[in-house]
Each structure stands twice: as structure tokens, then as C-alpha cells.
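Structural overview for review
Each chain, written out:
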Amino acid sequence: MIYDVAIIGGGASGLMFASYLNKRKYKNACIIETNTKLAQKLKVSGGSKCNITNDKITSKNYLGDESLVSNLLKEYSNKDLLEFLNKNNVHPKLNPKIVKGTYFCNSSQDVIDMFSKLTSHIKKYLDTKVLDLEFKNDVYEIKTNKQKILAKKVVVSSGGLSYPALGASSVAYDIAKKFGHTIEKCEPALVGYTVQKDQFWFKKLAGVSLYANIFIDNRKFEGSLLFAHKGCSGPVVLTSSLFWQKGKIAVDFLPKENIDKLLVGNKNISTAIPLPKRFILEFLESLDIKDKPINKLTNEELQKIKTIKYYEFAPAGNFGYTKAEVTKGGINTNEINHSTFESNLQKNLYFIGECLDVTGQLGGFNFQIVFAQSYRCAINF
Ligand SMILES: Cc1cc2nc3c(=O)[nH]c(=O)nc-3n(C[C@H](O)[C@H](O)[C@H](O)COP(=O)(O)OP(=O)(O)OC[C@H]3O[C@@H](n4cnc5c(N)ncnc54)[C@H](O)[C@@H]3O)c2cc1C
């Protein structure tokens, strides 16, 4: 049997594409998924409540081709996505507690159940890993760890390299390269930073969190910073990691306070500065300063403490693909038809989702753009 279309990857983009695919025109379609269940990354997303979109989305929230992104967001906006979900009995709610504008579902399983229902007519090959793709006599031959699957058209929606434990593989990039595509450098993103020796004091604070600002070049990020065994993490760190190349970043650990006003009087430093005492004590130790009354500090010590408002350091690296929420970089979008997502280099071969060189910030931006690509690809298919 030769399928009309084979979808490689039963995750967010593959399922959204399959949901919008014209049933009458494409009677024989299949989804090939390496896991025994569909959409395992979506399942764990947003702490199993799937942060599916954001109230305040613009192309500025993304790395990648700005005109492609803004065009996609115009065609399939957050409102369109919410309407689609509501129509299918999924009702995300605005919950901006951690990141501004975020919409969370009651449970991410609701989204998976919705997709399973919408794609129930499509054959699923689960527990089937795609290894290679060949094009012979106008037909694609998909090699898997189990059988060969034949299809006239192939949609590659197998995601990026993040979270291999949830099924991620390099197959989209391997296929793209095989058909002549350029892959923009892939790196883990939306991920915590590991630290160099001078910041090993971060590790002693594992579990402590505080509200901070992070500065990278001319960009400023706000949110919660969480100290971790390997360095630091939390929403503000994850979002900033999308823009970090190597080199220094700066943290304002006290964004809502004027430090000059706090550093007066005879209170001890740890009492005067409204931050967790554990943090202040480790911070002071890293500066070689004892906790003592503020009026006993030397000028030099005062200057050192003021770095709390702009603490510069160069992360050693990041926590890697095992912890990164997304992969930045990917298949160069100049080589993809922006109206259809068909490869410009190989007919009847399509790429959608995270495998493309478009990456969003933390806060529902990634599902939104991936769904917008899937929609455009499906309605023009
Ligand atoms: C822990 C975590 C939390 C996240 N939370 C959010 C969030 O709340 N909001 C948000 O917007 N984004 C979130 N993301 C990012 C979001 O999950 C991705 O951007 C999105 O899933 C990408 O969609 P995709 O279809 O391209 O890839 P995926 O959804 O990853 O789908 C790809 C599918 O292809 C399968 N596959 C891979 N290789 C093969 C192969 N060789 N053969 C067969 N199948 C294969 C995979 O198993 C997977 O099911 C999160 C990511 C992680 C890791």
C-alpha cells in the first residue's frame, strides 16, 4: 500500500497538521511515532498543564525569519488557536502567575485526547522509529526499525533534539541534509546555565528562588530565578538562554529596590536587604565580606555589595539537551516554501515544527508558532 501522506512524528505539529488535513482529499494518511503513545512532550509541557499560547504574542518573541513569523501569527493567531481548542472542548485559561500572558490547559492530556479524536481516522504506527527516507520512482520509502512504509508525500514533524528521553531524534535534520538543506547551528535553548568556579556559590543555594532581571546585550528579561545543583534555572533564566551566545550576562537580584536607600543605618546587611537570608550570606561570602552593620562597611565593601544590582558573570554552559525545552537553530527557512512548508529542493517533502529554524521564548510561544505552521501547511496541502 502507498499512503497519500505519511507524517513523521506524532507530536504537537504532526497532530495539528493531521487534524486540519482534508479528510476527503487524503483518505490514506499515516502518522509514524517512535513512542508507544502520542505527543509525550506535549504531555509534560507546562507542568502537565500545557502552556499552549500567550496573550501577548509578536514576532519579537521569536528567533528566526521575522516576516515568516509575523505572517504566520497573523494568519493563525492566539485567538484562532483558542477558538479551535474551545470548539473541541479544550478550554485553556489565562494564568500569568509565572510568565506574563500565559494560557494553561486544565490538563495536557485533554489536548492529546482532542488530537487523538480528531485524527482517529488516520493510521498510527506507534513504537516505530523512522531511520531514513528515500525517494524512488516518485514514491517515498520510509525506513523504520520495523517495516518500510511507502507514501506519495511526506511531512516531517519530528521536532528537535531536546528531551531525547521523550523520543527526540535528529531524523528531521538527517532527512533535510540528505535532500540538500542547510541546517543552522542547533543548540539547547530554554535551559538553565551551568556556572564557572567563581559562581559555585549558586550551587549551595539549590532550591532558593527569587525575582530577578537578566541582561544580555540590549535585552532585559524579568521573572523568577531558581538556584540549582548545576547553576541556575527558572523562567527568567530559560527565556534569557534563547539569546545567550557565550560570554557575560548580568543579573539584577534586587530589581524592585534602590540599593542606595537600603545600604544606610546600623542594621546588619542580611536584615537590611529584603532577600532570602541564605542568599545574602552566600553572596557576601563570595565577595569575602562578613555580615555586619551597614555603617561598619568600608567604601570598597559598599561598592562590592552594590553589584547585587548588576552581577556580571559568564555561564560555563547550559544543562544540555536532556533539560532544554527546545532546540534553537534548525532547517534554514529560506529553503522552505513559506506558503506551504514544502521543501524548495525536493517535491512532496514538507517540514514543520521545531525542526525549523524558528524558536520562541518561554510562555506558550513555541506551541503557538508550531500550530500556526501546521495549520498553514495543512490548508494548502
Ligand atoms: C519539558 C518541556 C516542556 C515544554 N513546555 C512547553 C509549554 O508549556 N509551552 C510551549 O509552547 N512549549 C513547550 N515546550 C516546547 C514544545 O513542547 C515544543 O516546541 C513542541 O512540542 C514542538 O513541536 P514539534 O511537533 O515540532 O515536536 P514534538 O512535539 O517534540 O513532536 C515530535 C514527535 O516526533 C517524534 N519523533 C522524533 N524522532 C522520531 C523518529 N526518528 N521516528 C518517529 N518519531 C520520531 C517524537 O517522539 C515526538 O513525538 C516544552 C518542551 C519541553 C521539553
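The structure displayed is predicted, hence computed values, not measured ones.

**Remarks on the site of the ligand**
Taken together, 34 residues sit near the ligand, with Ser13, Glu33, Asn51, Ser169 and Glu354 positioned nearest. Measuring from an oxygen atom of the ligand, one finds a backbone N or O atom of Gly46 at 3.2 Å. Taking Glu354, its main chain carries an N or O atom lying 2.8 Å from an oxygen atom of the ligand. Elements with a contribution of two residues or more to the shell around the ligand: helix 1 (12–20), helix 2 (40–48) and helix 12 (365–379). Taken together, the residues of the shell around the ligand sort by class into 11 nonpolar, 18 polar and five charged.

**Focus: the packing of aromatic side chains**
For the structure shown, the criterion picks out 31 aromatic pairs. Taken together, a centroid distance of 6.1 Å and an interplanar angle of 85° make the contact between Tyr3 and Tyr125 edge-to-face. You can see Tyr3 sitting in strand 1 (residues 2–8) and its partner Tyr125 sitting in strand 7 (residues 123–125), a full 122 residues away along the chain. Taken individually, Tyr3 and Tyr125 each receive the classification buried, so the pair is uniform in this respect.

**A closer look at the environment of Ala168**
Mapped onto the elements of the fold, Ala168 is located in the loop between strand 10 (148–156) and helix 6 (171–178). Ala168 sits in the buried class, given a relative accessible area of 18%. Ala168 sits 134 residues away from Thr34 along the chain, and the two C-alpha atoms are 8.8 Å apart. Setting aside chain neighbours within four positions, we find Ala168 in contact with Gly160, Leu161, Ser162 and Tyr163.

**Overview of the pairing of strand 10**
Two strands pair when backbone bridges link them, and strand 1 and strand 10 are joined in this way by six bridges, in the parallel orientation. Note on strand 10: the bridge partner recorded for Val5 is Lys153. Here strand 9 (residues 139–144) pairs with strand 10 via four bridges, running antiparallel. The residue bridging Lys143 from the neighbouring strand is Lys148, located in strand 10. What sits between strand 9 and strand 10 in their antiparallel hairpin is a turn of three residues.

**Some details on the sheet that holds strand 5 (residues 93–94)**
The three strands lie next to each other as 3-6-5, forming an open sheet whose pairing is antiparallel. The open sheet has two free edges, formed respectively by strand 3 (51–54) and strand 5, since each of these has just one partner strand. Both strand 3 and strand 6 (residues 102–104) contribute to a ladder of three bridges, which runs antiparallel. Bridged to Thr53 within strand 6 is Tyr103.

**Some remarks on the domain arrangement of the protein**
For the protein, the assigned domains read domain 1 (2–188 + 327–379) and domain 2 (193–318). The C-alpha-based centres of domain 1 and domain 2 are spaced at 38 Å. In this complex, domain 1 contributes 11 residues to the contact, which on the side of domain 2 involves 10 residues. For the pair domain 1 and domain 2, the two sides together bury roughly 890 Å², of which 57% comes from carbon and sulfur. For domain 1, the biggest contributors to the area lost against domain 2 are Lys328, Gln361 and Leu362; these three give 47% of the whole. Here domain 1 and domain 2 share zero salt bridges between them. One can count two residue pairs in polar contact (both at pLDDT 80 or more) joining domain 1 with domain 2. Among the elements of the structure, strand 11 (183–189) and strand 21 (359–360) are those that each provide at least two residues to the side of domain 1 that touches domain 2. Looking at the side of domain 1 that touches domain 2 residue by residue, the classes come out as five nonpolar, three polar and three charged.

**A closer look at the layout of surface pockets**
By volume, the second largest pocket is sized at about 530 Å³. Together, 23 residues line the second largest pocket, and Val99, Lys100, Glu222, Thr239 and Gln361 are the ones closest to its centre. With five residues, strand 14 (residues 219–228) is the largest single contributor of residues to the lining of the second largest pocket. Class assignment for the residues of the lining of the second largest pocket results in 10 nonpolar, six polar and seven charged. Each of domain 1 (2–188 + 327–379) and domain 2 (193–318) contributes no fewer than three residues to the lining of the second largest pocket.

Procedures and definitions
- Residues numbered from 1 in each chain as written.
- Predicted model: local features only at pLDDT ≥ 70, side-chain atom pairs only at ≥ 80, totals over all residues.
- Heavy atoms only, no water.
- Near = heavy atom within 4 Å.
- Polar contact = N/O pair within 3.5 Å; in protein donor to acceptor, adjacent residues only side chain to side chain.
- Helix = DSSP H or I, 4+ residues; strand = E, 2+ residues; numbered from the N terminus.
- Nonpolar A, V, L, I, M, F, W, Y, C, P; charged D, E, K, R; others polar.
- Phe/Tyr/Trp six-rings, centres within 6.5 Å; stacked < 30°, edge-to-face > 60°.
- Buried < 20%, exposed > 50% of the residue type's maximum accessible area, 1.4 Å probe, protein only.
- Contact = heavy atoms within 4.5 Å.
- Pairing = 2+ DSSP bridges.
- Domains from an automatic or database assignment.
- Buried area = accessible area lost by both parts, 1.4 Å probe.
- Salt bridge = Lys/Arg side-chain N within 4 Å of Asp/Glu carboxyl O.
- 1 Å grid on protein atoms, 1.4 Å probe; cavity = no way out; pocket = protein on both sides within 12 Å on 5 of 7 lines; lining within 4 Å.
- Points joined across faces, edges and corners; volume = space filled by probe spheres on them.

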